[in-house]
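Observations on chain architecture
Letter by letter, the chains look like this.
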Amino acid sequence: MPSLFFYLFTAITLGFGLLVVTARNPVTSALCLAMSFVGLAALFISLDAYFIGTIQILVYAGAVMVLFLFIIMLLDIKAEEGKKPNLPAVIGGVVLAVILALQIVTVSSSYSLGKTPLKNAPLSLNKAAETSVLPTISNDLKVGTLPDAKLMGLTLFKQYGFHLQAIGLLLLVGTVGVVVLSKREKGGQDA
Amino acid sequence: MITLNHYLIVSALLFSLGMAGVIARRNILIIYMCLEMMLSAANLTLVAFSRFRVVEGLPDYAAQSLVFFTITVAAAEVAVGLAIIVALYRSKQSVEVESVTKLQG
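Residues numbered from 1 in each chain as written. Chains lettered and ligands numbered in written order. Predicted model: local features only at pLDDT ≥ 70, side-chain atom pairs only at ≥ 80, totals over all residues. Heavy atoms only, no water.

**As for the overall build of chain B**
What counts here: A run of H or I in DSSP becomes a helix once it reaches four residues, and a run of E becomes a strand once it reaches two; helices and strands are each numbered from the N terminus. Only the C-alpha atoms count toward the radius of gyration. The rule for a globule is 2.2 Å times the residue count to the power 0.38. Exposure categories follow from relative accessible area, calculated using a 1.4 Å probe and restricted to protein chains: below 20% of the type maximum is buried, above 50% is exposed, and the middle band is partly exposed. Note on contacts: a residue pair is in contact if any heavy atoms of the two residues lie within 4.5 Å.
Assigned secondary structure in chain B consists of 3 helices and 2 strands. Counted from the first residue to the last, chain B has its helices and strands arranged as α-α-β-β-α. Over its C-alpha atoms chain B spans a radius of gyration of 18 Å, topping by over 25% the 13 Å that the globule rule assigns to 105 residues. Along the first, second and third principal axes, the C-alpha set of chain B runs to 55 × 25 × 25 Å. The buried share among the 105 residues of chain B stands at 62%. Put simply, of all contacts in chain B between residues at least 6 apart along the chain, 60% involve residues at least 24 apart.

Right, dumping it as structure tokens:
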């Protein structure tokens, strides 16, 4: 049964991903990308990464896609009608993508550890509960649930505190940069 | 039976799809969406490896922290990139890559 869901969400992710690349209308592309991200979030959740799956939906399918749709509608971009696709670029893109996919598939299928099924890498929550420092985490582990968000928080703040602050600074710089970029220059000739 | 390879191959296909889009399309916004797809494909690889490398009975949370940072950087990058696209549209009245050839010799 889990493998059925894997193939279903893989089909959603890759099928809508293909539509993103082939659709003529940018709005169609954006909506298909949102669906593709939802399928990808389901794949994350199938890998017991509940927190990452949730922020994938919140940040990508929510915030980023709204930003894309807002810009598409702000600039009023029409579908490319009557324009022929750039044939050499299309051929080059498809050939390169096929070569890259074949390479990765060949390499990963000769990778011996890649053949371990999910059953052979079981989580042992009881064992983790014994070594856990925080009572809230070890209590959750003893009940038999995986406190994914708590463990992510523990890792982020215990091991990657500095990195977290650097990311905060990056977001601040990004915000200031966007304001500077979208400010109209005084006396500029742009309309 | 789902193995690690299944996830790696899905990620490879998603990445190649995004790369084909970046090369073949001429609309900058769609190129940008394909870039986001490639970033997400890399995230899928990281999460898959994190789940299959069990450390003390739990998935490897170092990899998932890296995914968290990647998603944050991608969000900041989208905001800045879209501001650049808006600035480009203001000066060229177009979002086609063919209209931006000033650096071409």
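After that view of the structure, there is still more to cover.
**Details of the interface of chain B and chain A**
Note the cut-off: Buried area counts how much accessible surface, traced with a 1.4 Å probe, disappears from two parts once they are put together, with both parts' losses summed. The rule for a salt bridge is simple: a side-chain nitrogen of Lys or Arg has to be within 4 Å of a carboxyl oxygen of Asp or Glu. For the purposes of these results, a polar contact is taken to be a pair of N or O atoms within 3.5 Å, where, inside protein, one atom must be able to donate a hydrogen and its partner to accept one; residues adjacent in sequence count only when each atom of the pair is a side-chain atom. All residues other than Ala, Val, Leu, Ile, Met, Phe, Trp, Tyr, Cys, Pro, Asp, Glu, Lys and Arg, Gly among them, are scored as polar; the first ten of these are nonpolar and the last four charged.
In this assembly, 72 residues from chain B lie in contact with 93 residues from chain A. For the pair chain B and chain A, the two sides together bury roughly 7300 Å², of which 75% comes from carbon and sulfur. If you sort the residues of chain B by the area they bury against chain A, Met33, Arg51 and Arg90 of chain B come out on top, with a joint share of 10%. If you look at where chain B meets chain A, you find 1 salt bridge. Taking the shortest distance from any N to any O, the salt bridge between aspartate 48 of chain A and arginine 51 of chain B comes out at 2.8 Å. Counting every contact that joins chain B to chain A gives 12 residue pairs in polar contact (both at pLDDT 80 or more). For the side of chain B that touches chain A, the leading source of residues is helix 3 (residues 61-92) of chain B, giving 24 residues. Here the side of chain B that touches chain A is built from residues that sort into 52 nonpolar, 12 polar and 8 charged.

**Topic: the packing of helix 1 (residues 2-22) of chain A against helix 2 (residues 26-46) of chain A**
Residue and element names in this part refer to chain A. Short version of the rule: An axis is simply a line fitted to the C-alpha atoms; with a helix, the fit covers only the stretch in contact. Between two such axes, the angle follows the N-to-C directions and lies from 0 to 180 degrees. Oblique is the label for any angle not under 35 degrees, not over 145, and not in the 65 to 115 range, which are roughly parallel, roughly antiparallel and roughly perpendicular in turn. Two helices that cross are described as forming a left-handed crossing if the nearer one is turned anticlockwise from the farther one by less than a right angle, and a right-handed crossing if clockwise.
Two elements in contact, helix 1 and helix 2, have axes whose closest approach is 8 Å; the angle formed by their N-to-C orientations is 155°. Between helix 1 and helix 2, the angle is such that the two are roughly antiparallel. Between helix 1 and helix 2 lies a crossing whose hand is left-handed. Residues Phe6, Phe9, Thr10, Ile12, Thr13, Phe16, Gly17, Leu19 and Val20 of helix 1 lie in contact with helix 2, whose contacting residues are Ser29, Cys32, Leu33, Met35, Ser36, Gly39, Leu40, Ala42 and Leu43. Taken together, the residues of the contact of helix 1 with helix 2 sort by class into 12 nonpolar, 6 polar and no charged.

**Examining unusual backbone geometry**
All names here are of chain B. Phi is positive for glutamate 56, which is not a glycine, with a value near 50°. Mapped onto the elements, glutamate 56 comes out in the loop between strand 1 (54-55) and strand 2 (58-59). Using a relative accessible area of 51% as the deciding quantity, one classes glutamate 56 as exposed. You will see that glutamine 93, though not glycine, has its phi angle at about 60°, which is positive.

**Structural notes on the packing of aromatic side chains**
Aromatic ring pairs are reported here in terms of the distance separating the ring centres and the angle at which the planes meet. The condition that has to hold: Here a pair means two rings of Phe, Tyr or Trp (six-membered ring of Trp) with centres within 6.5 Å. Their orientation is stacked below 30 degrees between planes, edge-to-face above 60, and tilted elsewhere.
Counted by the stated rule, this structure contains 8 aromatic pairs over all chains. Aromatic ring contacts, followed pair by pair, group Phe51 and Tyr160 of chain A together with Phe68 and Phe69 of chain B into a single cluster.

**Considering the side chain of serine 108 of chain A**
Locating serine 108 of chain A in the fold gives a position in helix 4 (residues 87-109). When near neighbours in sequence (up to four residues on either side) are disregarded, serine 108 of chain A contacts Asn5, Leu8 and Ile9 of chain B.

**As for helix 1 of chain A**
Basically, it comes down to this: The length a helix should cover is 1.5 Å for every residue beyond the first. Picture the helix axis, draw a direction to every C-beta atom, and the arc is the one those directions span.
With 21 residues, helix 1 of chain A extends 30 Å between its outermost C-alpha atoms, agreeing within 8% with the 30 Å of an ideal straight helix rising 1.5 Å per residue. Those residues of helix 1 of chain A that fall on the buried side of the exposure criterion are Phe6, Thr10, Thr13, Leu14, Gly17, Val20 and Val21 of chain A. Around the axis of helix 1 of chain A, the buried residues are gathered within 110° of arc, so they sit on the same side. Of the surrounding elements, those touching the buried residues of helix 1 of chain A are helix 2 of chain A together with helix 1 (4-24) and helix 2 (28-52) of chain B.

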